[in-house]
Amino acid sequence: MASATGALEPGDKEQRLIEQLRNNMKDVPSLEGDAEFFTSTETLVRFLKARDWDLDESEKMLKSTVEWRRKNDPLHMDCRWCHDNPGYHGIRQVGFDEMGRPVIYACFNQATASKPSAEDSIAHCTYLIENAKRTMAPGVSTWVFIMDCSGMSLPACNPRLGYGVTQVFANYYPERLGLVICIHHNALFQGVWNAFKIFLHPNTVAKMHLIRNKKKVREEFEKLFSRELNDWLLAEIKLNKKRPLVQSQREFWRDPSGPPGAAVASHDPRGCPSYVAKYVDPFLMHVAKNPRYTHRPHPNIVDTLRGVVKPLPSSSVNGTGAASGAAAAADEADSSEGEDHLPHNSLSGLEFDEEFQIPRSATGVTKTK
């Protein structure tokens, strides 16, 4: 059973399985810096639930995850792509929903990467969610993603990329996804989604909400978010729909108010005011005192605070020319008052080059959620 926050509350039968799984893991060497990872009840419950409480399958999955974490050291993973090319990935934590779940926002228009790979996307998202975990209160175990498809192009979002990223997080971060809200999607995105969702558990697919209608977006946000975060999201989304992007949205990692004494900007793209006040503004002070447990915001926000962020080339942002003509045309053609799910005839004839196709060796539907 899951609580409203996503925390999992087992019954008596499940408690016995938890203890059995904990006992089965006792001879596994602990992880450096994360010794309690696979002995904590929260972790054991997530992996049991992801395998429908099948003890053997849960043990196999958990041991595989432990070895993945041992090999990749996700607690210290960083995104060198963003450090080398500011804004390479735009996805970042921006606040919390009313249940305390981290809210993570991404807009294709803000990303400078014209052709991201599974490798760099996995590295960035791992950095992102490991740091999001550091902001989660006890009892909160899931997060919320908002995917703004403005500026989407096929190289930036395609079946092969989607499959590669989702399989890693389905296998090594089970029962972490609370909800995905996808807005401004077009036929291209829906074609990509249809191509790789067959490899996901139906419960995962059900957590994906495709919303194109502006009124429905507002209604969904009002149900989930505080007035502060709701207002921030609506302002951010509106600004990211413009072409070309304004400078402050292109460089979303900077404080838009500028140096002390400058006029205060009306919108801060780094996150909603409470998130910025708690995790961004005092970051240098917090990391100096407790580097191991300090939440790190987007890598370029960190670089800016440390005074080492690289300059942004004027032609490197999707919103100012990196997006393909097809993506721009799709944005223009998209009606935000239209149906949430596009009719099948709008997807007819949509084919992907081999480089964007899911590998033929891809496995079928997984039980992982």
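Along every chain, residues carry numbers that run from 1 in the direction the sequence is written. Confidence filtering applies because this is a predicted model: local features only for residues at pLDDT of at least 70, side-chain atom pairs given and counted only at 80 or more, and all residues used for totals across whole chains, interfaces and linings. In computing side-chain values, all of the structure's heavy atoms are included and hydrogens and water are not.

## Some words on the overall build of the protein chain
Basically, it comes down to this: Where helices and strands are cited, they refer to DSSP runs of H or I of at least four residues and of E of at least two residues respectively, numbered from the N terminus. Only protein chains enter the area calculation, which uses a 1.4 Å probe; residues under 20% of their type maximum are buried, those over 50% are exposed, and those in between are partly exposed. Note on contacts: a residue pair qualifies if any of its non-hydrogen atoms lie within 4.5 Å across the two residues. For the accessible areas, the method is Shrake-Rupley and the probe is 1.4 Å, while residue cover comes only from the protein chains on display.
Looking only at helices and strands, the protein chain has 15 helices and five strands in total. Within the span of the protein chain, comprising 369 residues, buried residues form 53% of the whole. Put simply, of all contacts in the protein chain between residues at least 6 apart along the chain, 78% involve residues at least 24 apart. Only carbon and sulfur atoms are counted for the fraction: they give 54% of the accessible area of the protein chain, which is about 16,900 Å².

## Here's the deal with the pairing of strand β4 (residues 177-183)
Keep this limit in mind: In this scheme, strands are said to pair when DSSP sees at least two bridges between them. We call a crossover right-handed when, viewed with both strands directed away from the observer, the connection leading from the first strand over the helix to the second proceeds clockwise.
Of all seven residues making up β4, seven are buried, and the element is well covered by its neighbours. Bridge count for strand β3 (residues 143-148) against β4 is six bridges, and the pairing is parallel. Counted as the bridge partner of I146 is I181 from β4. Taken together, β3, helix α6 (residues 159-172) and β4 constitute a β-α-β crossover, and its handedness is right-handed.

## Notes on the sheet that holds strand β2 (residues 102-107)
Formally: Here the axes come from fitting lines to C-alpha atoms, over the contacting stretch only for helices, and the angles between their N-to-C directions go from 0 to 180 degrees.
Taken in spatial order, the five strands make up an open sheet running β1-β2-β3-β4-β5, and their pairing is mixed. Edge strands, defined here as strands with exactly one partner in the open sheet, are β1 (92-96) and β5 (208-211). Averaged over all pairs of adjacent strands, the angle between their axes in this sheet comes to 25°, without regard to strand direction. Of the strand pairs in this sheet, β2 and β3 are connected by five bridges, and their pairing is parallel. Of the residues in β3, the one forming a bridge with I104 is F145. Docked against the sheet, helix α7 (residues 187-196) engages β3, β4 and β5, running at close to 160° with respect to β5. Strands β3, β4 and β5 of the sheet are contacted by helix α9 (residues 214-224), whose axis makes an angle of about 155° with β4.

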